[in-house]
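Working through the structure, step by step
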Amino acid sequence: QHFIFPCGGDGIYLVVDGDSEIKENNFERAMSLVSSVSAGLSSSKKGKGSKKDTALSAEVKDTPEIYKLVKMIIQRAYDPAIVFAFSKKECE
């Protein structure tokens, strides 16, 4: 089974089931969420304010998504799991 946990989302999406069948509807919903979150990030960067203010507001908004994901994996007994994080900050 393969799941996607999009940043800014509130859950996971099953994209490949146990029979190796792709769940396109779930994949499209997850990708639309990713697109809307990244569009929001790019529009927030265009606003006025210092870089320091932007960084501070991002830190407050961004509870580590990796933490939420690992916590959910443990609570739902989805372990063992492989988690990919493409952010140096998240990996540290």
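Residues numbered from 1 in each chain as written. Predicted model: local features only at pLDDT ≥ 70, side-chain atom pairs only at ≥ 80, totals over all residues. Heavy atoms only, no water.

Describing the overall build of the protein chain
Applicable threshold: We count a stretch as a helix when DSSP gives it H or I for four or more residues in a row; a strand needs E for two or more, and each element gets its number in order from the N terminus. Only protein chains enter the area calculation, which uses a 1.4 Å probe; residues under 20% of their type maximum are buried, those over 50% are exposed, and those in between are partly exposed. By definition in these notes, contact holds between two residues if any of their heavy atoms fall within 4.5 Å. Surface accessibility follows the Shrake-Rupley procedure with a 1.4 Å probe radius. Residue values consider only the protein chains on display as shielding.
Secondary structure assignment for the protein chain yields 4 helices and 2 strands. The order of α-helices and β-strands along the protein chain, N terminus first, is β-β-α-α-α-α. The proportion of buried residues among the 92 residues of the protein chain is 16%. For the protein chain, the share of sequence-separated contacts (at least 6 apart) that also reach a separation of at least 24 residues comes to 34%. About 7600 Å² of surface is accessible on the protein chain, with carbon and sulfur atoms providing 56% of the total.

Some remarks on the pattern of salt bridges
The condition that has to hold: By definition, a salt bridge exists where a carboxyl oxygen of Asp or Glu is found within 4 Å of a side-chain nitrogen of Lys or Arg.
Following the criterion strictly, the structure yields 1 salt bridge and no others. Note that Lys23 and Asp17 form a salt bridge whose closest N and O atoms lie 3.4 Å from each other. The class of Asp17 is buried, set by a relative accessible area of 13%.

Notes on a nonpolar patch on the surface
Worth spelling out the cut-off: Distance thresholds for patches are 9 Å for like charges and 5 Å for nonpolar side chains (Val, Leu, Ile, Met, Phe, Trp, Tyr), applied to residues having over 30% relative accessible area and no salt bridge.
On the surface, a nonpolar cluster with roughly 220 Å² of combined accessible area is contributed by Phe27, Met31 and Val34. Its location among the elements puts Phe27 in helix α1 (residues 24-45).

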